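# Coordinate analysis (summary)
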Amino acid sequence: MDSQDASGQSAAGEPAADRTAGQDPLQLLQALKTLWPSREWLQLREEAWRGFAALDNPCAGLLDMLAGTGGWRVKGPSLEAWLICELHRWLQAQPGLRPPQGDQGLKQLQAQAVRVLAESPASLVEPLVSIFQLQDEDRGPLLVHVHHLRQEGKFKEALMLAMKLKLQPELDVEEMSTPLLLQDKLNLVECYVAGFPNLQKRLLTLMDSWCQPGFDINAIASTAPSRQHPKVACLKLGKLSPRELSRRVLCLQERFGLDAAELCPHAVAQQRLSALRYLCYKHFVEGSMTRENWVDHVQELVGQNRWLQEQLLQLLVTHSDIGTTAQCARDLLLPVELLPPAVAAKLGRLQLEERPAEVPFKDQRDHYYQLPIARGDICFLASWEDLAQHEAQLLRPDQVMGMDLEWRPSFGTGGRPRASLLQVAVEGRVFLLDLLGFSQLPPGGPAVQALCRLLSRLLSDPTITKLGYGMAGDLHSLGASFPGLVHVEKELQGGLDLMPVHKRMQMAKAPGVPRPGGPRGLSLLVQQVLGKPLDKSQQLSNWDRRPLREGQLIYAAADAYCLLEVHRVLCREPGRFHLTADLTESMRPGQSDRSASEVSGPPRQLARQEGRIILTSGLPYHKLQAQVRAGRCLSVDCSLKAQQQAMAVLKHFNVRVTLSDIFSRCQACNCDQYLKVSKDMMQHLLWLDGHQEGPSSTGAETTQSEDARESGLAPEETLGSCAYEPSCRWLEASDLRPSPPATLSNGTRLQLAGVPAGVLRRPGLHHFFCCPGCGKVFWEGSHLGRVARHFREILKEPLTQPAEPPRTEP
């Protein structure tokens, strides 16, 4: 019999249960195989049910049929999988045929069924458990089999089987998860503890213990095999460094909704150490953070944690001299017994002086935008009475106002950013609304209700023009901080986001890459329009401190008031900045210029607005991480080559990439749509824009080598058929505005200057593609083939003859 070998063992590895004379199960299987290609389900079911009834033991017969085949082991439809489900239905219709629990024959079948279950896809778990009554079986044999799989080094199989049978509460989470964590299979372990809060706590406690100072993960990885910790192969310890592990622990903690301070003290300390390194760089190396702001943040991060105090002292000694270290130790109230002798001696001398040495103040007001209103015109609104006093001025119709939001940065130490201050600037005045103070009052109290009512009326009034820079992100944060304002982002009327306006300005004049350390975002816009950038030295200050410092109040007011002055200049001289007279055209947040805001806006706003993850490298990581939730910002190792970086990111997020994904979005603005432009239409547009002498200038006498030089391709790369065909419609004349320059009806100007004349003379090139978001023009090239070859290891479909995708001039 094919289902047994010479020793009488079944394919499941256990002695076959006693069979009595009856129909041969393999004959039934053969009959069903004959019918299977037809997929006549009614006929198949009749044959199967007739065969089940003829078997003396249908459950044993099923195991015999499965023993000689392997189709049930893989996902997807197969005769064996259908047979399992069909027997399950037949037994449900014949409840009296099930053997009673405790029957010796049933126990033998259950032992074999457990082995089958261990290799089955998830879709077959429920029918197999029901057929062999495993849910009512003594859990002992099932647990023994799970432990047996672990001892054989089949850690993933053991964990998957335990999940299928819901054995998690009866197994040690440390034993089950440790080998898989060492193999970098955290996602699988996370699924294992899903729905079991106690196991989630124990998992976090285990992983947090690996984050403690001095812990060496290699000690666990190299431990001699034992019953508790069998030998683990294929170790992947790269993501188990204290810094990386602490980030992953806090991501899990947030997803589980558990208290980080109680369960993950070591992970929190590691994250705070990373924040300390960043703050020391900002203060001592970059010089962009004032001493008082630096002290505020450092004191809050370090607290009374002895280990962090020691780490901070090491950073101070590295970044500064003995005198500066002593001054910092005094300002931060660090224990004297931790100080190096030279620093302690210097601190003693400082304490004997009547007053500490002051850092010389360098007046840089001439270098930055200055608030044009008096200090008395900055009003701090912190109560219901304050709101009532100024409500009429805030809600005055037909006015223009600038709006901005501030919150305390967390520097990646966890927690959702909470709005702390809302700035509202009107002509000649700035109102600072103390959102932190209001948020600490009863949510249903009169003060909070008055605030929500006022802001809802203001934001939904179409007669009041609300200016912002990255408004969608600020409105989202406002709604997250106050439930009564959760819908203001959708209810906004009269809003004008200057971020996409700024992007359009930059695209029109084709600027170079901003210099490192130079102004960016709103500060750059203010510099380009008003002549001087914003002073951002208070941007990362502690906006939750009360009272706010004078410098914070001035900074907050300037951040909002500058929007009024920028808007006034842009409206007065739009042509100077390559804009149309109507700035609101296609510029409202969430409408047609979405792609522009994606490119130019602060990453944290877009990430928070659309649930995206920020990828960055180098020191900006901490600044970005400070403003988004834990796990929403990934630091990419810039020491790796570009190809290695991309592969590391794809592997980290377990992203499946196919050839159709490559260039599915615009390389310039990330828009996911294209318009197809015929060669004749492109030639006509280039002529109208003055980029060619005329339609007749594309003579056929130009040689292939000339084509190659003008298009930037090697001669052999100019050949090839058009193989890149994204799903998009043709550009029609009705999609364009009637007069040059070539501009789409949504206001996007086509970037025709980047299209060389030689491209039009390339043989085999019949059309172009343009992005409706930013106007970038693409055409057929060899870039896709190169990219596909570079990422051969991760592409989820075989590479055939390299297709030629759109390319654009470098």
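A brief report on the enclosed structure follows. (Residues numbered from 1 in each chain as written. Predicted model: local features only at pLDDT ≥ 70, side-chain atom pairs only at ≥ 80, totals over all residues. Heavy atoms only, no water.)

## Some words on the sheet that holds strand 6 (residues 495-497)
Using the following cut-off: Pairing between two strands is assigned when DSSP locates at least 2 bridges connecting them. Helix numbers and strand numbers start at the N terminus; a helix is a DSSP run of H or I with at least 4 residues, a strand a run of E with at least 2. Axes, fitted as lines to C-alpha atoms, cover a helix only where it is in contact. Angles between the N-to-C directions of the axes lie from 0 to 180 degrees.
Across the sheet, six strands lie side by side as 1-4-3-2-5-6; this open sheet has mixed pairing. On the outer flanks of this sheet lie strand 1 (378-381) and strand 6, each paired with one strand and no other. Pairs of neighbouring strands in the sheet enclose a mean axial angle of 25°, with direction left out of account. Pairing of strand 5 (residues 465-468) with strand 6 involves three bridges; the strand directions are parallel. What sits directly across from L467, in strand 6, is L496.

## As for the packing of helix 1 (residues 25-35) against helix 2 (residues 41-54)
Selection criterion: An angle below 35 degrees is read as roughly parallel, one above 145 as roughly antiparallel, one from 65 to 115 as roughly perpendicular, and any other as oblique. Contact definition: two residues touch when any of their heavy atoms are within 4.5 Å. Residue type decides the class: Asp, Glu, Lys and Arg count as charged, Ala, Val, Leu, Ile, Met, Phe, Trp, Tyr, Cys and Pro as nonpolar, and the leftover types, Gly among them, as polar.
Relative to each other, helix 1 and helix 2 sit at 175°, their axes nearing to 10 Å. The orientation of helix 1 with respect to helix 2, classified from their angle, is roughly antiparallel. Facing L28, A31, L32 and L35 of helix 1, the residues of helix 2 in contact are Q43, L44, E47, A48, G51 and F52. Across the contact of helix 1 with helix 2, the residue classes break down as seven nonpolar, two polar and one charged.

## Focus on unusual backbone geometry
Between R546 and the following residue, P547, the backbone shows a cis peptide bond with an omega angle of 0°. Here L333, not a glycine, exhibits a phi torsion of approximately 55°, which is positive. For L333, the position within the fold is in the loop between helix 18 (322-331) and helix 19 (341-352).

## A short note on the packing of aromatic side chains
Here is the rule we go by: Any pair of Phe, Tyr and Trp rings, taking the six-membered ring for Trp, is counted once the centres come within 6.5 Å. Such a pair is stacked with planes under 30 degrees apart, edge-to-face with planes over 60 apart, and tilted for the rest. Buried means the residue's accessible area, taken with a 1.4 Å probe over protein chains only, is under 20% of the maximum for its type, while exposed means over 50%, and partly exposed covers the values in between.
One pass over the structure, following the stated rule, counts ten aromatic pairs. On the basis of an interplanar angle of 75° and a centroid distance of 5.6 Å, the ring pair of W36 and W41 is categorised as edge-to-face. In this structure W41 comes out as partly exposed when scored by relative accessible area, which is 45%. Counting every residue linked through ring pairs, the aromatic cluster contains W36, W41 and W82.

## Quick look at the packing of helix 7 (residues 139-151) against helix 9 (residues 173-182)
The packing of two helices is summarised by the inter-axis angle and the distance between the axes. Definition in use: Left-handed describes a crossing whose near helix is turned anticlockwise from the far helix through less than a right angle; right-handed describes the clockwise counterpart.
Relative to each other, helix 7 and helix 9 sit at 30°, their axes nearing to 12 Å. Judged on the interaxial angle alone, helix 9 and helix 7 are roughly parallel. With respect to the hand of their crossing, helix 7 and helix 9 are arranged in left-handed fashion. Listed contacts from helix 9 to V146, H147 and R150 of helix 7 are E175, M176 and P179.

## Comments concerning the pairing of strand 9 (residues 675-678)
Bridge count for strand 9 against strand 10 (residues 729-730) is two bridges, and the pairing is parallel. When the sheet's bridge partners are listed, L675 is paired in strand 10 with R729. Looking at chain direction, strand 9 and strand 11 (residues 767-770) are connected through four bridges and run antiparallel. Bridge assignment links K676 to a residue of strand 11, and that residue is F769.

## Thoughts on the environment of E286
Short version of the rule: Whenever a nitrogen or oxygen atom comes within 3.5 Å of another N or O atom, the pair is scored as a polar contact, on the condition that within protein one atom can donate a hydrogen and the other can accept it, and that pairs from neighbouring residues in sequence are kept only if both atoms are in side chains.
By the element assignment, E286 lies in helix 15 (residues 265-286). Separated by 2.6 Å, the side chains of E286 and K282 make a polar contact.

## Let's talk about helix 8 (residues 155-164)
Here helix 8 has its buried residues at F155, A158, L159, L161, A162 and K164. Following helix 8 by one or two positions, K166 adopts a phi angle in the positive range, close to 55°.

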